[in-house]
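# A closer look at the structure
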Amino acid sequence: MHTTQRIATSSLFALSALFSWAAHAQTVSIQDAWVRATVPQQKATGAFMKITAPQAMKLVGVRTPVAPIAEIHEMKLEDNVMRMRPAGALELPAGKAVELKPGGYHVMLMDLPKEVKAGETVPLQLVLEASDGKRQTVDVQAPVRAVNAPAGAAPAHGASHAGHGAHQH
């Protein structure tokens, strides 16, 4: 193979790998993200959304600048008592929307240093892991809804959206 052919072949391979990665990184869909507002002195709240991954993945972590602790939690009825506990990773089956909602799986934002007010937006960074162990992050801007807003209420500023900056780690 001539040097020119090797360079062209190498360039095409690198370019196809880049496009493959970009397509993979942009495919997770986040819909209806929102955070429940808090009242003064309240130190925790929940974040909710629908996540759809094109291939089987796991939600393995969440980060946000508004809370030092962000964990995936599950609420479950056990012996007629509703219990909440950390869930660890959350399975995201291929092509199936997984809803994080009040009374089920959700993200807990804990040790809040200040009140989270309706009308604000909370940046969340979701950490997802594919079956091959590769991780990517998806940035989400979640509007804050009033404390007494029902789970299905429309966000204050229109639809929430995931950022276009999914990153692989």
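None of these values were measured; they are calculated from a predicted model. (Residues numbered from 1 in each chain as written. Predicted model: local features only at pLDDT ≥ 70, side-chain atom pairs only at ≥ 80, totals over all residues. Heavy atoms only, no water.)

With that settled, the discussion passes to the nonpolar core. Core analysis: the largest hydrophobic core is formed by 32 residues, its most contacted members being Ile 30, Ile 51, Leu 59, Leu 109 and Leu 124. Top contributing element to this core by residue count: strand β9 (residues 121-130), with 5 residues. Every residue in contact with Leu 109, bar those within four places of it in the chain, is listed here: Val 35, Lys 43, Ala 44, Thr 45, Thr 64, Val 66, Ala 67, Ile 69, Ala 70, Val 122 and Leu 124. (Core = buried A, V, L, I, M, F, W, Y, C linked by side-chain atoms within 4.5 Å. Buried < 20%, exposed > 50% of the residue type's maximum accessible area, 1.4 Å probe, protein only. Helix = DSSP H or I, 4+ residues; strand = E, 2+ residues; numbered from the N terminus. Contact = heavy atoms within 4.5 Å.)

So, about the environment of Ala 94. Within the fold, Ala 94 resides in the loop between β6 (90-92) and β7 (98-100). Separated by 41 residues in sequence, Ala 94 and Ala 53 place their C-alpha atoms 5.6 Å apart. Once residues lying within four places of it in the same chain are set aside, the contact partners of Ala 94 are Ala 53, Pro 54, Gln 55 and Ala 56.

Now for the pattern of salt bridges. As enumerated under the stated definition, the model contains 3 salt bridges in all. Measuring nitrogen to oxygen at the nearest pair gives 3.5 Å for the salt bridge that ties Asp 32 to Lys 50. In this pair, Asp 32 sits in strand β1 (residues 29-36) while Lys 50 sits in strand β2 (residues 44-52), placing the two residues 18 residues apart along the sequence. Notably, a salt bridge pairs Glu 91 with Lys 58, separated by 3.9 Å at the nearest N-O pair. A residue pair is termed long-range when its members are at least 10 positions apart, and Glu 91 in strand β6 and Lys 58 in strand β3 (residues 57-63) qualify at 33 residues. Given a relative accessible area of 31%, Lys 58 falls into the partly exposed group. (Salt bridge = Lys/Arg side-chain N within 4 Å of Asp/Glu carboxyl O.)

Turning next to the pairing of β2. Of all 9 residues that make up β2, 7 are buried, and the element is covered over most of its length. Across 5 bridges, the pairing between β1 and β2 is antiparallel. Bridge pairing in β2 links Trp 34 to Phe 48. Where β2 lies against strand β8 (residues 105-110), 4 bridges are found, and the strand directions are antiparallel. Paired with Gly 46 across the two strands is Met 108, which belongs to β8. Note that β2 and β7 share 3 bridges and pair antiparallel. When the sheet's bridge partners are listed, Lys 50 is paired in β7 with Glu 99. (Pairing = 2+ DSSP bridges.)

Before going further, it helps to spend a moment on the environment of Lys 43. On the secondary structure map, Lys 43 appears in the loop between β1 and β2. When its relative accessible area of 45% is taken as the criterion, Lys 43 is described as partly exposed. Residues Lys 43 and Glu 115, 72 residues apart in the sequence, show an inter-C-alpha distance of 7.9 Å. Beyond its immediate stretch of four places on either side in the chain, Lys 43 contacts Leu 109, Met 110, Asp 111, Leu 112 and Pro 113.

Turning next to the pairing of strand β10 (residues 135-145). The element β10 is extensively covered by neighbouring structure, given that 8 of its 11 residues are classed as buried. Pairing of β1 with β10, which is carried by 2 bridges, proceeds in the parallel orientation. Bridging from a neighbouring strand, Val 35 pairs with Val 144 of β10. As consecutive antiparallel partners, β9 and β10 are separated by 4 residues, and within that stretch Gly 133 has a phi angle of approximately 90°, a positive value.

Below, the discussion takes up the packing of aromatic side chains. Aromatic rings in a pair are described by how distant their centres are and how their planes are angled relative to each other. Applying the stated criterion to the full structure yields 1 aromatic pair. Judged by centre distance (4.6 Å) and plane angle (35°), the ring pair of Trp 34 and Phe 48 falls under tilted. Here Trp 34, found in strand β1, pairs with Phe 48, found in strand β2; they are 14 residues apart in sequence, far enough to count as distant. By the burial criterion, Trp 34 is buried, and Phe 48 matches it. (Phe/Tyr/Trp six-rings, centres within 6.5 Å; stacked < 30°, edge-to-face > 60°.)

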